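Here are the chains, one letter per residue:
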Amino acid sequence: MDRRQFIKISAFTGSSATLASCGNPEYHLIRFVPEDRIVPGTAVWRPSICPLCPAGCGVIARVMDGEVEVLRNGQLGLTRMGLAKKLEGNPDHPINQGKLCTRGQAAAEITYHPDRVGHPLKRAGTRGDGKFEEISWEQALGELVAKLDALAAANDQNKLAILLRPERGLRGELIRQFATRFGAPVPLTYEFFDDDVLRRANALSFGNHQLPTFDLAESRYLLSFGADFLGTWNSPVAQNIGYGEMRQGRPGSRGKFVQVEYRMSQTGANADEWVPVKPGMEGVLALGIAQVIMKSGSRRAGDAGPAGMLIDGWAGGLAEYTAQEVSKRTGVPAARLERLAKEFSEQKPAVAMIAGAAVAQTNGLFNALAVNALNALMGSVGTPGGVFFMQGGAQEDIAGGPRSANATARSLNDRQPLQEELRDAQVLLIDGANPVYAAPRAWKVRETLTQLPYIVSFGNFIDETSALVDLILPDHSFLESWVQSMPESGAKTAIVSMAAPVMQPLHETRATGDVILDVARRLRKPLELPWKTFEEMVKAGPSPAAAKRVPDRAKPQEKAARRPLPGGEARKFAEPQFNGDANEYGFHFLPYPSQALLDGSLAHLPLLQELPDPMSSAVWSSWAEINMQTAERLGIRQGDWLEITSSQGTIRVPAFPSPGIAPDVVAMPTGQGHENFTRYATGRGANPISILAPVVESETGALAWAATRVKITRVADADGTLVLFAGSLRDYPPEHPHR
Amino acid sequence: MDLATERKINHDLLRPLRQTSVWFFLLVALLGSIILTGAGAWLYQLSNGLVVAGIRWPIFWAFYITNFVFWIGISHAGTLISAILRLVNATWRRPVTRCAEVITVFALMIGAMFPIIHLGRPWLFFWLIPYPSERQIWPNMRSPLAWDFFAISTYLTGSTLFLLLPIIPDFALMRDQMTGWRKKIYGVLALGWQGTTKQWHRLEAAMQIMAIAIVPVAVSVHTIVSFDFSMSPVPMWHSTVFGPYFVAGAIFSGIAGLILAMAVLRKILHLEEYLHPLHFQNLGKLLLLMSLLWGYFTFVERLTTWYGNNSAEMAVFWETQTGAYAPLFWTMVFCNFIIPFPLLAIRKLRTITGTVIASSTIVVGMWIERFLIVVPSLARKNLPYTWASYRPQPVEILITIATFAAMTLLYTLFAKAVPIISIWELKVGMHAPPLLTPEEQEQQRELWRTRP
Amino acid sequence: MTHRWGMAVDLDRCTGCEACVTACRTENNIRIAGPEQSARGRAIAWIRVERYYEGDFPDVRVKFRPVMCQQCDAAPCEPVCPTYASHHTDEGLNAQVYNRCIGTRYCANACPYNVRFFNFGNPVWDRPLELSLNPDVSVREVGVVEKCTFCVQRINAGKEQAKAENRELKDGEIKPACVQSCPTSALVFGDLNDPESEVSRLSRSSRGTKLLEDLGTLPKVTYLQRQS
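Residues numbered from 1 in each chain as written. Chains lettered and ligands numbered in written order. Predicted model: local features only at pLDDT ≥ 70, side-chain atom pairs only at ≥ 80, totals over all residues. Heavy atoms only, no water.

(A) Looking closely at the overall build of chain A. The secondary structure content of chain A amounts to 22 helices and 26 strands. Here chain A, with 739 residues, has 63% of them falling under the buried criterion. Counting only contacts in chain A whose residues sit at least 6 apart along the sequence, the fraction spanning at least 24 positions is 74%. Carbon and sulfur atoms provide 51% of the accessible area of chain A, an area that totals close to 26,200 Å². (Helix = DSSP H or I, 4+ residues; strand = E, 2+ residues; numbered from the N terminus. Buried < 20%, exposed > 50% of the residue type's maximum accessible area, 1.4 Å probe, protein only. Contact = heavy atoms within 4.5 Å. Areas by Shrake-Rupley, 256 points an atom, 1.4 Å probe, with all protein chains shown as cover.)

This is the structure:
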């Protein structure tokens, strides 16, 4: 017997002895037959797909056996089963190539979360007081089926509304087909930080309604307008991989990176040059650069092709956008702008990107079109080191696909606000979206939902939205289910990833895909869906319907002919509009996605709550970043309580004076301020989304979440609420320099 | 010396042993309850772990180590001073030695508790002790903490002997004077002392040996305590001046503690006839010397740091000089130098009251000094990202207060059981020819006239 | 030939994304301190990404620097430990023997990098979060000091694997969790005794520096400085 064996045996006998000796309830638990064929102490790696963001990174889970208390057919007992111990990037996955971001690595906590909903729940109290009772699956499905049958009987099939989190995969496809077969409107999607303005811009400029993919590994110059591409935006792992190669992957040729933004993000912190710009003026800056380049003669206006034609004055070389004029509007010195333009045109391949706050203004689409034109001017579209559009990644943008409530593309400028879309619903199914938390108060989502007769959620957790529902049909975690994803960006080739469950379910949950199929069968008039289980659907591969959605990039004209884009004409620059009078509300308010918690959908994971923010090192907290000199002027010190007031309301939050933010900006990470989202997030911090004004991007109608102005008041001294992991902001203080 | 005087001495000095006022019990009850509170705090910490203390990453040492250094420092009052005074044959020492030596023993006992109180797993403290274990693992002799163990245990043994040896004749006296169970106990403690010439010779020889041996031990103890800090590459810890700085500070705080103890004894036990202003004057002079030495070391330490301008050290330097710890730092300078210096340097002010005021501020100042050595350096270590600040928590404060109560209680109980002034030495002193110069005698007479 | 494990950190690649931080936490069963204890300085991070602002608006820059145990050859933490809980292994790692640690925290004070952390209380995982604990790594009880091990469990597993397959270890075969996860490949791990290994090559880079080199701790982690 070697040492390992000895330890194993003694641990086993030890735990059995403990179990046998005390009056633990475990002693009375029955033992189920082991559910997994796993050799004790031996790890196996099983693939899955990270569900946390739409990037669709492939993961592998290290599975080892363990003894678990589980419910099986209503019976509590112990079983031995494989347990996912750790997630790593799947080395064979083309997007993340074995790497995984900080959030993805915490995703296993979803499965083991102590506050996970483990059984179907039925509302017990009045709506909104959050009281639920456990019911059986039979009863739960019976109730939902009865409601749907009632709709069908009254010929009110179109009164079934479905609200999803944007998801690129068969799960969404299944729900969409369910809706179509039932006769309901196509599902809505909602996500706070969505990229619909950018997709629209890409559709206009390049005929691809989708997020771009960047070939950073080959780039020698990267000009980013507000895109947090290393932190939270688009396909961050893929972009990080490319970035590393851009910097040090080619001996002797280090790519330069310039970031344009008005609050230094984690991405901006890596820039060789960080260029602060006035909010909403990113497009002007891009056009200023284009103007310098065209003026120098190195590129001609025509080089930009149709993308340039979307900008008023492009053909004339953007005469209005002289360096001096642009400098005045953007706050970027003319000499610097000219130098940046020179570098950008000389260091080939060079690429520009735009996202985040730069497109979350009332003129966001214009800003995006300007940057697209700049890329087109440099010939950086579809060329090595430039910007690509992944095959098969295009998203539906016209009625018929999943509509986004945030920037629904049913028809431009004719967008129905979310609450309008939902108002007439008799039955609402919610999957993954939490609009009560993540939508401006002015949209009155909570009030609307409270009015609805019947709401069903498939969530794993009770959050602000599912606290309002009548029935919760908890999903398996991603590790317990068949998963499938068709990401829209992150690699040059089309990707469809799918994976089997990594482990047996811990609770009495059911995979939402299976539940949908089950409900479809149980209806009085069963719906014709060709699969018995979600597993079958995944194994069958992308459906013809889904395949049809893959656009043919070779025939953009044909596509344009099929779906004429309204507004292919040139656009004039329009000043960004902000909610709140500049005299009264002296600060721009910038909510930005938290590196750990994103839009707040990950605030329930303790690993991520305790992840020090890259810029502030804060954990378990909310904070408001404010310029250091401004703070000094206002007598605000780190941790002091601020009241941030917009036209929509007031929140209180501790201050974090920082050197990396413009003097007239207050920035706040999203993610905290949950009223009801597990023990780890409830009642922690403040939610910046709650005071946003319902300002929209002028052309697409998407929420312009960076267009609210606020005023701030210092209301109390620091009291330790702001928890920072670390101490000094700076290396040795400059006032005591070392020799 | 006549019999009447001897009787009076016996009567005066044994009176506390014979008479017990209600105040004694009240005092013991008060101190006892403070100590029990402290013990409760420690139990609370034992059951919860150091999570209830204020220490944190990366300030892993704070109040407990401050107390450790402080009490080991206080312990330098007695044995060292008494030994030096014995060696130079300063006759005025006679009423002072015992109350000084007691401080050493008790302060060491209290101080030595702190390395255990501060441990993460105090139940395993014996792993610091070299004993032949079944695992055949010895303590790491390269660790200053192992040195601490040897230094402190040697010092404690030595100073306990140093205290007990000269009590033997007094135990014998009490054996002869007392009745009942006390007689029995003192009889045992007297170890068969008969006062034969041979015994006196042996006692004298033993005292001489101990006095010589204990001086280097005392010096090494606080040097080794300083090594706990100066052996680490921590900004402003890693300093060659720390050894003498710690020893000087220790003697400094020790004398201050002694003066306070003497003043209280004098008042409460009515020992005005034995503890004269001269004793306070002389100790005051010593204290003045130590205050100057302390000021010198502090200045030297600060100056070399500042001149060296090492960035990591400068961070600690400015933090204590002008930053968050500056109020404490300047309080310390006031307490240890600016207040005591004139009180001790100006002869008119070097009265009992004057020295007591100076000593009080010095005890406070030296505690702060220990704190300022331990905490700011850890709060400002080399990588600024890890800088932090420390707030003591109730357990740490309660345990700290309890140690002061423990010191007082132990001292009180000792004074209740043993004459706090060495009776035989006092008597011997009276037989001795005057050692004072005529001038000094004149002065002394002056002073005695001014006695209240 | 014995191994001498070392790491190289390319600060030009590091983006401060903190993938390594979570990778380390999940691999090494690092406790969740919770908000109250985090506020009191009890959060544990075997690897952290230090952030330093330079300059003021608008000319601001930031330096990121991942800091883990530097596995010093002349480690200040080792001699000060009275119980040999902190000691040097044959492969040059600074091992921390939890069983032997009595919690003087002297090592943590002596470490100039502040990479040693103390368990102020017993760790608690809200059930069933404990199911995700890595069985290869012991959970640390109250009163002991812990720190980065270079994922010694992975090193040992890699060596055993190679031995079982009767072959030499390949460079890059063993990856600590942080190195495995790093999206920009800023972290590189390997054998410094193998002059051909990637980590040896990078450690010889002209951009290479050691953290707090002047303290003479002889770290085995090399930082390759940013080029801008």
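That shown, we press on.
(B) A look at the overall build of chain B. Of the regular secondary structure elements, chain B holds 18 helices and zero strands. For chain B, whose C-alpha radius of gyration is 23 Å, the value lies close to the compact-globule estimate of 22 Å for 452 residues. By its C-alpha atoms, chain B is 75 × 55 × 40 Å across when sized along the principal axes. Burial analysis of chain B (452 residues in total) assigns 58% to the buried set. Put simply, 80% of the contacts in chain B that link residues at least 6 apart link residues at least 24 apart. Accessible surface, chain B as shown: approximately 18,900 Å² in total, 70% of it carbon and sulfur. Put simply, chain B has 34 plus and 22 minus side-chain charges, and the middle of one group is 5 Å from the middle of the other. (Rg over C-alpha atoms; globule rule 2.2 N^0.38 Å. Lys, Arg positive; Asp, Glu negative; His and termini not counted. Charge placed at Lys NZ, Arg CZ, Asp CG, Glu CD.)

(C) Representation of the sheet that holds strand S22 (residues 624–627) of chain A in the model. Residues and elements named next belong to chain A. The mixed closed barrel is built from six strands, whose spatial order is S21-S25-S22-S24-S23-S26. The sheet shows a mean angle of 45° between the axes of neighbouring strands, taken without regard to direction. The pairing of strand S23 (residues 641–646) with strand S26 (residues 708–716) spans five bridges and is classified as antiparallel. Across the sheet, Glu643 pairs through a bridge with Thr713, a residue of S26. (Pairing = 2+ DSSP bridges. Axes fitted to C-alpha atoms, helices over the stretch in contact; angles between N-to-C directions.)

(D) Summary view of the sheet that holds strand S4 (residues 75–89) of chain A. Residues and elements named next belong to chain A. Strand order in the open sheet formed by four strands is S1-S4-S3-S2, and the pairing between neighbours is mixed. The sheet terminates laterally at strand S1 (30–31) and strand S2 (44–49), the two strands that pair on one side only. Relative to strand S3 (residues 58–72), S2 runs antiparallel, the two being bridged by six bridges. Paired with Ser48 across the bridge in S3 is Val59.

(E) Representation of the state of the cysteines. Residue and element names in this part refer to chain C. According to the stated counting rule, one finds zero disulfides over all chains in the structure shown. Cysteine Cys24 is unpaired, with the sulfur of Cys151 as its nearest cysteine sulfur at 6.3 Å. Free cysteine Cys182: the closest other cysteine sulfur is in Cys17, separated by 6.3 Å. Residue Cys182 is classed as buried on the basis of its relative accessible area of 8%. (Disulfide = S-S within 2.5 Å.)

(F) Here's a closer look at the environment of Ala304 of chain A. Residues and elements named next belong to chain A. Tracing the backbone through its elements, the reader meets Ala304 in the loop between helix H8 (282–296) and helix H9 (306–309). Between the C-alpha atom of Ala304 and that of Arg80, which follows or precedes it by 224 residues, the distance is 62 Å. Filtering out sequence-adjacent residues up to four positions away, Ala304 remains in contact with Trp314, Ala373, Ala376 and Leu377.

(G) Representation of the domain arrangement of chain A in the model. Residues and elements named next belong to chain A. Domain parsing of chain A yields domain 1 (3–112), domain 2 (134–190 + 418–547), domain 3 (213–388) and domain 4 (587–724). Computed from C-alpha atoms alone, the centre-to-centre distance between domain 3 and domain 4 is 28 Å. In this complex, domain 3 contributes 20 residues to the contact, which on the side of domain 4 involves 25 residues. Regarding the contact of domain 3 and domain 4, the summed buried area is about 1,700 Å², with carbon and sulfur atoms giving 66% of it. Ranking the residues of domain 3 by area buried against domain 4 places Tyr262, Arg263 and Thr362 at the top, with a combined share of 38%. The tally of links between domain 3 and domain 4 comes to one salt bridge. The shortest N-O distance in the salt bridge between Glu625 and Arg263 comes to 2.9 Å. Joining domain 3 to domain 4, the criterion identifies nine residue pairs in polar contact (both at pLDDT 80 or more). Among the elements that take part in the side of domain 3 that touches domain 4, helix H12 (residues 364–377) stands out by supplying three residues, more than any other. (Domains from an automatic or database assignment. Buried area = accessible area lost by both parts, 1.4 Å probe. Salt bridge = Lys/Arg side-chain N within 4 Å of Asp/Glu carboxyl O. Polar contact = N/O pair within 3.5 Å; in protein donor to acceptor, adjacent residues only side chain to side chain.)

(H) Structural context of the interface of chain B and chain A. Taken together, the 14 residues of chain B in the interface contact 14 residues of chain A. For the pair chain B and chain A, the two sides together bury roughly 1,200 Å², of which 58% comes from carbon and sulfur. Joining chain B to chain A, the criterion identifies zero salt bridges. Along the contact surface separating chain B from chain A lie three residue pairs in polar contact (both at pLDDT 80 or more).

(I) Inspection of the interface of chain A and chain C at higher detail. Contacts between the two partners involve 76 residues from chain A, matched on the other side by 63 residues from chain C. Regarding the contact of chain A and chain C, the summed buried area is about 5,600 Å², with carbon and sulfur atoms giving 52% of it. Where chain A packs against chain C, one counts eleven salt bridges. Residue Arg730 of chain A is joined to Asp56 of chain C by a salt bridge in which the shortest nitrogen-to-oxygen separation is 2.9 Å. At the level of elements, S3, S4, helix H3 (108–112), helix H7 (236–248), helix H20 (606–609), helix H21 (628–634), strand S24 (649–658) and helix H22 (678–681) of chain A are the ones that each hand at least two residues to the side of chain A that touches chain C.

(J) The pairing of S26 of chain A, seen in detail. When strand S21 (residues 587–592) of chain A meets S26 of chain A, the two strands line up antiparallel, connected through three bridges. What sits directly across from Phe587 of chain A, in S26 of chain A, is Val710 of chain A.

(K) Just the confidence of the model for chain B, in detail. Residue and element names in this part refer to chain B. Scored by pLDDT, chain B comes out at a mean of 90, with 96% of its residues at no less than 70. Element-level pLDDT for chain B is lowest in helix H18 (residues 438–450), with a mean of 71, against a maximum mean of 96 in helix H13 (residues 326–338). Confidence metrics for the complex model read pTM 0.90 and ipTM 0.95. (pLDDT = per-residue confidence, 0-100.)

(L) The arrangement of the nonpolar core in detail. Counting 325 residues, the largest nonpolar core has Ile644 and Trp705 of chain A, Ile420 of chain B together with Met68, Phe150 and Leu187 of chain C as the members making the most contacts within it. Top element by residues in this core is helix H10 (residues 242–268) of chain B. It accounts for 15 residues. Among all residues touching Leu187 of chain C, those that are not within four sequence positions of it are Met7, Ala8, Val9, Cys20, Ile47, Pro66, Met68, Cys178, Val179 and Cys182 of chain C. Among the nonpolar cores identified, the runner-up in size contains 73 residues, and Phe344, Ala358, Ala373 and Val387 of chain A belong to it. (Core = buried A, V, L, I, M, F, W, Y, C linked by side-chain atoms within 4.5 Å.)

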